[in-house]
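# Structural description and commentary
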Amino acid sequence: MWKTIRIALLLLVLATVALDAWRAKHAATDWQDTLHVAVYPINADGSAAAASRIAALDREQLLPIERFLADEARRYGVATMMPVRLTLQAALTAGPPAAPKNAGMLGAIIWSLKVRWWVWRLPTATPRPHVRLFVHYWDPSDGRVPSSHGLERGQIAIAHVFASRAMQRSNDVVIAHEMLHALGASDKYDPASLEPIYPQGYAEPDAQPRLPQRFCELMAGRLPSESGPPEQAKSLDQCLIGAVTAREIGFVK
Ligand SMILES: [Zn+2]
């Protein structure tokens, strides 16, 4: 009896979460109104480099991401004047709970519920954000940052970047990429070779000759290589949103 009630309650919670996620996703990607994105900086390693980088952040520095998305939205015929607006929130001391490694489907569901619970307890942001973007800053002298990931169903994106002003433009690529995951965009590179997948990972798949490509597809993150490893995009100026990504995030119906 109790077991049945417990299972029924769990199913009810999951159904509510799923319905809520569907509604939120629909509202976020219909592009009728401005999509509000709350950006939360986090000092990931407690370093002085991350602290000073976070202290120097302002909204001005979010504008290249906003402009890139506005230009791309317009290119695909989205008529909204300001399709995306990013607002800088107060820095947090810790990010959302980390994703479990190889936890299976149940583990992934529990993790996504934990993240939602964690987000729900954050101070309220105005305007109410459609997407919450958690940007972890790491001391660049360590040379590596953990891989970033977006959580599509919760409209949550988690990005890991280097705490360096000089690397801001390449950080913008990582942040915009993760943000688009939260809107339903999929990766468009081969996870083993990191090489963009043809045609969806190519910004201009119909170009003749096919290589070199002038631009990088944002969800591929790299320019396809003619020889050697694919080159990471250095700034959003080098990137475009490809046709498949545009469909996934609702720029194209
Ligand atoms: Zn990705």
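Residues numbered from 1 in each chain as written. Predicted model: local features only at pLDDT ≥ 70, side-chain atom pairs only at ≥ 80, totals over all residues. Heavy atoms only, no water.

A few words on the coordination of the zinc ion. H177 (NE2), H181 (NE2) and D187 (OD) make up the full set of protein donors to the zinc ion, lying at 2.0 to 2.1 Å. Each donor residue of the zinc ion belongs to the same chain, and together they define the spacing H-x3-H-x5-D. Here D187 falls in the partly exposed class, since its relative accessible area comes to 36%. (Donors = N, O, S within 2.8 Å, 3.2 Å for Na, K, Ca; no water. Buried < 20%, exposed > 50% of the residue type's maximum accessible area, 1.4 Å probe, protein only.)

With seven of its seven residues buried, strand β5 (residues 156-162) lies for the most part within the structure. By the bridge criterion, seven bridges tie strand β3 (residues 131-138) to β5 in an arrangement that is parallel. When the bridges of β5 are listed, L133 appears paired with A157. (Helix = DSSP H or I, 4+ residues; strand = E, 2+ residues; numbered from the N terminus. Pairing = 2+ DSSP bridges.)

A word on the pattern of salt bridges. Enumeration over the complete set of coordinates arrives at seven salt bridges. Taking the shortest distance from any N to any O, the salt bridge between E72 and R75 comes out at 2.7 Å. In this pair, E72 and R75 are both assigned in helix α3 (residues 63-75), three residues apart and thus about one turn of the helix distant. Overall, E72 belongs to the buried group, its relative accessible area being 4%. For R75, a relative accessible area of 46% corresponds to the partly exposed category. Between E231 and K234 there is a salt bridge whose closest N-O contact spans 2.4 Å. Residue class for E231 comes out partly exposed when judged on its relative accessible area of 40%. (Salt bridge = Lys/Arg side-chain N within 4 Å of Asp/Glu carboxyl O.)

Take the domain arrangement of the protein chain next. The domain architecture assigned to the protein chain consists of domain 1 (10-184) and domain 2 (186-253). Placing the centre of domain 1 and that of domain 2 at their C-alpha centroids yields a distance of 21 Å. Each partner contributes to the interface: domain 1 provides 23 residues, whereas domain 2 provides 23 residues. Interface area for domain 1 against domain 2, summed over the two sides, is near 1900 Å², with a carbon-plus-sulfur share of 67%. On the surface where domain 1 and domain 2 come into contact, there are one salt bridge. With a closest N to O distance of 2.9 Å, D237 and R169 form a salt bridge. (Domains from an automatic or database assignment. Contact = heavy atoms within 4.5 Å. Buried area = accessible area lost by both parts, 1.4 Å probe.)

Turning next to the environment of S112. Its place among the elements puts S112 in helix α4 (residues 104-120). Along the primary structure S112 and T29 are separated by 83 residues, whereas in three dimensions their C-alpha atoms are 21 Å apart.

It is worth spelling out the nonpolar core at this point. Note on soluble globular proteins: their nonpolar side chains tend to be buried together. Core analysis: the largest hydrophobic core is formed by 43 residues, its most contacted members being L35, V37, L180, L218 and I241. Mapped by element, the contributors of at least two residues to this core are β1 (35-43), α2 (48-55), α3, β2 (84-88), β3, β5 and α5 (168-182). With six residues, α5 is the largest single contributor of residues to this core. Split by domain, the residues of this core number at least three in each of domain 1 (10-184) and domain 2 (186-253). When near neighbours in sequence (up to four residues on either side) are disregarded, V37 contacts V84, R85, L86, T87, V131, L133 and M179. If you look at the next biggest cluster of nonpolar residues, it comprises 13 residues, including L92, W118, V119 and I158. (Core = buried A, V, L, I, M, F, W, Y, C linked by side-chain atoms within 4.5 Å.)

Right, let's get into unusual backbone geometry. Following T126, the chain continues into P127 via a peptide bond in cis, with omega recorded as -10°. Summarising the element assignment, P127 is placed in the loop between α4 and β3. Residue Q208 is joined to P209 through a cis peptide bond whose omega torsion reads -10°. Within the fold, P209 resides in the loop between α5 and β6 (216-217). Unusually for a residue other than glycine, W31 sits at a positive phi of about 55°. With respect to the helices and strands, the residue W31 is situated in the loop between α1 (2-28) and β1. If you check the backbone angles, L194 has positive phi at about 65° while not being a glycine. Mapped onto the fold, L194 is located in the loop between α5 and β6. Classification of L194 by relative accessible area gives partly exposed; the value is 31%.

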